[in-house]
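# Descriptive analysis of the structure
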Amino acid sequence: MGTIWFPVLYYLLATTSSLAELQGIIRLDIYHAHGPATSHNLTSKHKTPIFFSDVLLRNEERVKALHSRLVNKSSSSSLVASKKAGVPTKLKSISIPLNPALSIGSGNYYMKIGLGTPTNYYTMILDTGSSFCWLQCRPCISCHTQVDPLFDPSKSKTYKTLSCHTSQCSSVKDATFNNPLCDAKSSNACEYTASYGDNSQSQGYLSQDLLTLAPFQTLPGFVYGCGKSNLGMFGTSDGIVGLARHQLSMLSQLSPKYGFAFSYCLPTVSPGRGGFLSIGNLSLAVPNFSTAYKFTPMLSDSAAPNLYFLRLTAVTVAGRRLEVSPASYRVPTVMDTGTIITRLPESVYTALRKAFVNVMSKRYAQAPAYSILDACFKGSLHNMPVVPEIQMIFRGAANLTLKTPNVLIDGVKGITCLAFASSGSTTNQIAIIGNHQQQTFSVAYDVSNSRIGFAAGGCH
């Protein structure tokens, strides 16, 4: 997971339509953890009480770590168009439900994946900013409380520990930022340590087993970490699924079968349809009949080659562009479903805040800052019908046109704030497109063709 946390998904078996079956697609609904369909998500004893301010502060540590990771190599770092992966087109895809994970003590999204033979399902945080997958395993030296029973590798007929001599073990360093170790007492087993920007970490054995994402959608020999010692900000999840571009990520391991592409739609707490994660080339199809994807080039940065970058070129408030220089936008800009609030370079955020407050303060009384949010107003999100639209414009034809639910976020009762913040430094700036701004948009990652797309219209 490196310095980034990303969405988490919850797995619900659903009956697919005959058309979907013919196309080789499995499409499963996703619901918000606090939405109208949450009664089947987690039992009350597993729900972790957590204040939203605490979630924001935890997220702030992750943002600082991402900033440090990118600017430490700023002298040699350059944003370039990503190279095409050259993966042949596949006529299949798989779709999995996505849920926000506040109920399990995380500000991200979660899913359920199946592992082992026989298959058991595990609640996993999904992280598009990391490349390694792991879950807590028996016997556990130090494990946090989780929502599901611990995975027991001794009860899986298809489980295998990988040795230090395997190619997968040689790839561990680039995926986890730590050199692997060899355990001579366990047949030279490959030991990993996955470190994260908020000082969280997982240690254990590099392993293989059968991955199940949906009925009849499996991957034999899925490589992941069997975590024996896991400490940090994982909430009560069972582990992490990485979707970045390294060969050990779940995306890369599934790409030979489905294609090097995925899309998702992050749901909100409001009543309505749930969200989804769809993996494969068919996930790039038009998400619904009313809209199509608008693409912007996918970029790479040598300081973090596994992450997904793009170029923000302008921001508008109520149809008017912010009065900042074009150079202000020329910073590393990361797509990150693990960051809640979008972060902008200081000069851009200052201009955005000023323009937004000028409009809002004519109708709503201002309120004190809430946690890291410093443009707040008295009232609730649902009682603010007149809110200036914000548009984030990217290189090419892509944009995110943000309405009230994406622009504002409820803090404490009776206080609503602008869901943006400064990236926190006047030099070596970065930008992060957070999950609150991405909610209800279909977001497509066409890795093979080096482009990222956005489509409005809700999570259909």
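Residues numbered from 1 in each chain as written. Predicted model: local features only at pLDDT ≥ 70, side-chain atom pairs only at ≥ 80, totals over all residues. Heavy atoms only, no water.

## Points about the packing of aromatic side chains
A full pass over the atoms with the stated rule returns 14 aromatic pairs. Where Tyr122 meets Phe151, the ring centres are 5.8 Å apart and the plane angle is 85°; that geometry is what we call edge-to-face. Linking Tyr122 in strand β5 (residues 120-127) with Phe151 in the loop between β6 (134-136) and β7 (160-161), this pair joins segments that are 29 residues apart in sequence. Counting every residue linked through ring pairs, the aromatic cluster contains Tyr122, Phe151, Tyr159, Phe222 and Tyr224. (Phe/Tyr/Trp six-rings, centres within 6.5 Å; stacked < 30°, edge-to-face > 60°. Helix = DSSP H or I, 4+ residues; strand = E, 2+ residues; numbered from the N terminus.)

## Quick notes on the confidence of the model for the protein chain
Summing up the model confidence of the protein chain, the mean pLDDT is 81 and the portion of residues at 70 or higher is 78%. Scored below 50 in pLDDT, residues 1-49 shows 194 contacts in the model against residues more than four places distant or in partner chains. Taken together, the stretch residues 85-91 has pLDDT below 50 and engages in 17 contacts with residues farther than four places along the chain or on a different chain. (pLDDT = per-residue confidence, 0-100. Contact = heavy atoms within 4.5 Å.)

## Considering the pattern of salt bridges
Taken as a whole, this structure holds four salt bridges when the rule is applied. The partner of Asp148 in a salt bridge is Lys112, with the nearest N and O atoms 2.6 Å apart. With Asp148 in the loop between β6 and β7 and Lys112 in strand β4 (residues 109-115), this residue pair connects regions lying 36 residues apart in the sequence. A relative accessible area of 11% means that Lys112 is categorised as buried. The closest approach of N and O atoms between Asp374 and Arg353, which form a salt bridge, is 3.4 Å. With Asp374 in the loop between β22 (366-367) and β23 (376-378) and Arg353 in helix α6 (residues 346-360), this residue pair connects regions lying 21 residues apart in the sequence. Looking at Arg353, the relative accessible area reads 27%, which means it is partly exposed. (Salt bridge = Lys/Arg side-chain N within 4 Å of Asp/Glu carboxyl O. Buried < 20%, exposed > 50% of the residue type's maximum accessible area, 1.4 Å probe, protein only.)

## Description of the sheet that holds β22
Pairing is antiparallel in the open sheet, where four strands are placed in the order β22-β23-β27-β26. Each end of this open sheet is capped by a strand with a single partner; those strands are β22 and β26 (408-410). As paired elements, β26 and strand β27 (residues 415-418) share three bridges and run antiparallel to each other. Among the inter-strand pairings, Leu408 is bridged to a residue of β27, identified as Leu418. Across the sheet, α6 is in contact with β22, β23, β26 and β27; its angle to β27 comes to roughly 135°. (Pairing = 2+ DSSP bridges. Axes fitted to C-alpha atoms, helices over the stretch in contact; angles between N-to-C directions.)

## Comments concerning the sheet that holds strand β25 (residues 399-402)
Sheet strands line up and pair through hydrogen bonds in the backbone, either parallel or antiparallel. Overall, antiparallel pairing links the four strands, which are arranged β19-β18-β24-β25 in an open sheet. Both outer strands of the open sheet, β19 (320-321) and β25, are each paired with one neighbouring strand and no more. In the sheet, strand β18 (residues 312-317) pairs with strand β24 (residues 390-394) via five bridges, with the strands oriented antiparallel. Across the sheet, residue Thr316 finds its bridge partner in β24, namely Gln391. Helix-sheet contacts for α6 involve β18 and β24, and the interaxial angle to β18 is about 15°.

## As for the pairing of strand β12 (residues 239-242)
Side-chain alternation along β12 places Gly239 and Val241 on one buried face and Ile240 and Gly242 on a second face that is also buried. Relative to β12, β5 runs parallel, the two sharing four bridges. Pairing of Asp127 across the sheet is with Gly242, part of β12. Pairing of β6 with β12, which is carried by two bridges, proceeds in the antiparallel orientation. Bridge pairing links Trp134 to Ile240 in β12.

## Description of the state of the cysteines
Note on terminology: a disulfide is the covalent bond linking the sulfur atoms of two cysteines. One pass over the structure, following the stated rule, counts six disulfides. Between the sulfur atoms of Cys140 and its disulfide mate Cys143 the distance is 1.4 Å. Residues Cys140 and Cys143 are joined by a disulfide whose S-S torsion is about 55°; by sign, that bridge is right-handed. Bridging Cys265 to Cys459, the disulfide has an S-S length of 2.0 Å. Disulfide Cys265-Cys459: the torsion about the S-S bond is -75°, which places it as left-handed. Separated by 194 residues along the polypeptide, Cys265 in strand β13 (residues 261-265) and Cys459 in the segment after β31 (451-455) bring together distant segments of the chain. Summarising the burial analysis for this pair, Cys265 and Cys459 share the class buried. For the protein chain, the disulfide bridges join cysteines in the arrangement 1-8, 2-3, 4-6, 5-7, 9-12, 10-11, where the cysteines are counted in sequence order. (Disulfide = S-S within 2.5 Å.)

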